[in-house]
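Architecture and fold: a report
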Protein chains: 2
Amino acid sequence: MDNDDLRRGKPTCHKMFGEAVALLAGDALLTEAFRVMTDPAVSSASPEVTQKVVYEIARGAGAAGMVAGQAVDVVYEGKKGTKRIVNLIHRNKTGALIRASVLTGALVGKANKKALNCFTIFGESIGLAFQIMDDILDVEGTEAEVGKKLKKDAEKQTYVRYYGIAASKARIDSLVNKAIDAVRFLGTGADMLVQAANFIGHRSF
Amino acid sequence: MDNDDLRRGKPTCHKMFGEAVALLAGDALLTEAFRVMTDPAVSSASPEVTQKVVYEIARGAGAAGMVAGQAVDVVYEGKKGTKRIVNLIHRNKTGALIRASVLTGALVGKANKKALNCFTIFGESIGLAFQIMDDILDVEGTEAEVGKKLKKDAEKQTYVRYYGIAASKARIDSLVNKAIDAVRFLGTGADMLVQAANFIGHRSF
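Since this is a predicted model, take the numbers as computed values, not measurements. (Residues numbered from 1 in each chain as written. Chains lettered and ligands numbered in written order. Predicted model: local features only at pLDDT ≥ 70, side-chain atom pairs only at ≥ 80, totals over all residues. Heavy atoms only, no water.)

1. Looking at the overall build of chain A
Looking only at helices and strands, chain A has nine helices and two strands in total. Shown N-terminal to C-terminal, the secondary structure of chain A runs as helices and strands in the order β-β-α-α-α-α-α-α-α-α-α. In terms of overall dimensions, chain A is globule-like: its C-alpha atoms have a radius of gyration of 18 Å, near the 17 Å expected for 205 residues. Burial analysis of chain A (205 residues in total) assigns 42% to the buried set. Taking contacts inside chain A between residues at least 6 apart in sequence as the whole, the part at least 24 apart equals 66%. On chain A, roughly 10500 Å² of surface is accessible, and the fraction owed to carbon and sulfur atoms is 59%. Side chains of chain A give 28 positive and 23 negative charges; the mean places of these two sets differ by 6 Å. (Helix = DSSP H or I, 4+ residues; strand = E, 2+ residues; numbered from the N terminus. Rg over C-alpha atoms; globule rule 2.2 N^0.38 Å. Buried < 20%, exposed > 50% of the residue type's maximum accessible area, 1.4 Å probe, protein only. Contact = heavy atoms within 4.5 Å. Areas by Shrake-Rupley, 256 points an atom, 1.4 Å probe, with all protein chains shown as cover. Lys, Arg positive; Asp, Glu negative; His and termini not counted. Charge placed at Lys NZ, Arg CZ, Asp CG, Glu CD.)

Printed below as a string of structure tokens:
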């Protein structure tokens, strides 16, 4: 959608195979995700859990989540935005699907309603932190390390544009701490989640 | 994907709103379908039925169905094909999702395995008939009635190209009869399905 030549250091799909095939690859992968989730040969989750997982992932990926964020991002390119707009984009474009990913694990693990609320906070916080870091890496990263074309967000709604580098970094730290606090109730069971949150807060690629 | 200006007599989405927004609209609608199917506020189907319905629709729409057919269609555009290729395209591009639509009703209606096999034959037969009719309408239809640009399949793998008009029409008749035979066991309960099959076999738009 940004017509980049590279992703993770490799040529993008539409550059390799053309726009039509790239579009179909996207449709195929998106649909295949739902087929795999409901394939009894792949998943041993109960039908009740499966239904909830499909719902959360569709909600996070679709018109109320990632697609909404990406659409506002595209429509506001080159336009004057606000802090409210950049937060709306970031929470939906990246945060909603990361929340869904976290909730999927929680649902399969039979988390109760209170725990699901905590995992929602965890997912939304690391999701927003991830996207703010993307904005910072666009300014401070190197293309070799990040693996895509950088310094191309000048026309986009970014955290750096509306908050500056220092406040953006402080926001990441506070979001990572909020995420870690939300899963503290798991005790040592939270170790991998804490590692994931810290990774997102300090990644350079 | 065919870069047409019109669909059903109206400007296509990418002509109205640009490619990026059209692409996102596609992703949003595809994902929203799965959200709606699993939303307990919308569907009263049991989790067991819901899981099977999502699976059948994902299988019909995705890499093993519609997307596969569309991909082969795109890749073979302007190339020499075979009867086998055109059948593969038509069965997947249109037939697989129509089969899934029919099976969805059957699953919600708690059809047994034998009945599901009959509905599969019904869906695949009317699906293939629908696509063959599309090829015929491209040659014989009028743009005003069909609602899209016609006479543009010269570079495509079509039934008319490999079988001719007369044999294509005969194939539609035989597929419609096969479909109707498959649901004969429903007695008068098959009336609407028979009407649908006959509509597909005689449509002019």
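2. Some points on the environment of B:A197
All names here are of chain B. Its location among the elements puts A197 in helix α9 (residues 191-202). By relative accessible area, A197 is classed as buried at 0%. The spacing of A197 and F130 is 67 residues in sequence and 9.1 Å in space, taken between C-alpha atoms. Every residue in contact with A197, bar those within four places of it in the chain, is listed here: F122, I126, V176, A179 and I180.

3. Here we look at the interface of chain B and chain A
The interface of chain B with chain A comprises 31 residues on the first partner and 32 residues on the second. Of the roughly 2900 Å² buried at the junction of chain B and chain A (both faces included), carbon and sulfur atoms supply 76%. Put simply, chain B and chain A have four residue pairs in polar contact (both at pLDDT 80 or more) between them. Within the residue set of the side of chain B that touches chain A, elements represented by two or more residues are α2 (19-37), α3 (47-61) and α4 (66-75) of chain B. Residue contributions to the side of chain B that touches chain A peak at eleven residues, all from α2(B). For the side of chain B that touches chain A, the per-class residue count stands at 19 nonpolar, six polar and six charged. (Buried area = accessible area lost by both parts, 1.4 Å probe. Polar contact = N/O pair within 3.5 Å; in protein donor to acceptor, adjacent residues only side chain to side chain. Nonpolar A, V, L, I, M, F, W, Y, C, P; charged D, E, K, R; others polar.)

4. Some details on helix α5 (residues 83-108) of chain A
Residue and element names in this part refer to chain A. Relative to the 38 Å expected for 26 residues at 1.5 Å per residue, α5 spans 36 Å between its end C-alpha atoms, a close match to the ideal helical length. Along its length, α5 shows its largest kink, about 45 degrees, at G95. Sitting at the amino-terminal end of α5 is T82, which places a side-chain oxygen 3.3 Å from the backbone nitrogen of R84. Directly after α5, the chain includes K110, whose backbone phi takes a positive value near 60 degrees. (Expected span 1.5 Å × (residues − 1). Bend = angle between axes of the 7 residues up to and from the residue.)

The values reported here are purely geometric and, on their own, carry no functional implication.
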